[in-house]
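What the coordinates show
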Amino acid sequence: MFKSMLTASEDQRADIAILVDGKTIRARAGESLATALLNAGVVPLRHTPVSGSPRAPFCLMGVCFDCLVEVDGRQNVQSCMVQVHAGMQVRLPDGARHVGEPA
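Every value quoted in this text rests on a predicted model; they were computed, and no experiment measured them.

How each quantity is defined
Each chain has its residues counted from 1, following the order in which its sequence is written. Totals for whole chains, interfaces and linings use all residues, but because this is a predicted model, local features are given only for residues with pLDDT of at least 70 and pairs of side-chain atoms are given and counted only at 80 or more. Here the side-chain values reflect all heavy atoms present in the structure, with hydrogen atoms and water set aside. The quantity called pLDDT is the predictor's confidence in a given residue, expressed from 0 to 100. Strands here mean DSSP runs of E at least two residues long; helices mean DSSP runs of H or I at least four residues long; both are numbered from the N terminus. For this document, the term salt bridge refers to a Lys or Arg side-chain nitrogen within 4 Å of an Asp or Glu carboxyl oxygen. The buried label goes to any residue with under 20% of its type's maximum accessible area, the exposed label to any with over 50%, and the partly exposed label to all in between, with areas taken from a 1.4 Å probe on protein chains only. By nonpolar core is meant a set of buried Ala, Val, Leu, Ile, Met, Phe, Trp, Tyr and Cys residues that side-chain atoms within 4.5 Å join together. We call two residues in contact when some of their heavy atoms are within 4.5 Å. Strands are treated as partners if at least two bridges between them are detected by DSSP. Only the stretch in contact is used when a helix axis is fitted, and all axes are lines through C-alpha atoms; the angle between N-to-C directions ranges over 0 to 180 degrees.

The next subject is the confidence of the model for the protein chain. On average, the protein chain scores 88 in pLDDT, and the residues at 70 or more come to 83%. At the level of individual helices and strands, the protein chain shows its lowest average pLDDT in strand 3 (residues 46-47), which scores 90, and its highest in strand 7 (residues 89-91), which scores 98.

Overall, the coordinates contain four salt bridges when judged by the stated rule. Asp15 is the partner of Arg26 in a salt bridge, and the nearest nitrogen-oxygen pair spans 3.1 Å. Highlighted residues: Arg26 in strand 2 (residues 23-28) and Asp15 in strand 1 (residues 15-20), separated in sequence by 11 residues. When its relative accessible area of 47% is taken as the criterion, Arg26 is described as partly exposed. A residue is classified by how much of its surface remains accessible, and Asp15, at 42% relative accessible area, is partly exposed. Between Arg46 and Asp66 there is a salt bridge, with its nearest N and O atoms 3.7 Å apart. Taken together, the positions of Arg46 in strand 3 and Asp66 in the loop between strand 4 (54-55) and strand 5 (68-71) put the pair 20 residues apart, joining distant regions of the chain. Here Asp66 falls in the buried class, since its relative accessible area comes to 18%. Residues joined by salt bridges that share partners form a network here, namely Arg46, Arg55 and Asp66.

Right, let's get into the nonpolar core. Judged by nonpolar contacts, the single largest core of 20 residues is most densely connected at Ile18, Val20, Leu33 and Val84. At the level of secondary structure, the elements contributing two or more residues to this core comprise strand 1, strand 2, helix 1 (33-39) and strand 5. When residues in this core are grouped by element, the largest group, four residues, is from helix 1. Residues within four places of Leu33 in sequence aside, it is in contact with Ile18, Val69, Val71, Ser79, Val82, Val84, Met88 and Val90.

Our next topic: the sheet that holds strand 5. What the five strands build is an open sheet, ordered 2-1-7-5-6; its pairing is mixed. At either end of the open sheet lies a strand with only one pairing partner, and these are strand 2 and strand 6 (74-78). On average, each strand axis in the sheet is inclined to that of its neighbour by 40°, with strand direction left out of account. In this sheet, strand 7 lies alongside strand 5 in antiparallel orientation, the contact comprising two bridges. Across the sheet, the residue bridging to Val71 is Val90, located in strand 7.

Following this line, the structure appears as structure tokens:
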């Protein structure tokens, strides 16, 4: 589905672990969260609150908002605009944002 243009020998970035809904996935230091999720086969990232339609990263440059996830407790984070870091905790949203909780 999604494959890096770099070969394993060309990609010298460190391999790190992040948690996605409590499961560990491997990522490359410095890559966007959206890219890490796509590389790990995590799709869809969310479902729309109104129709329940599945959504996944589309533009990968912060324009479309289809890649919204919760990162380290912050809701509605554009995963394409955030670099992964070791120990990052990601939750894939289910429906609308939780009202009354901090953004």
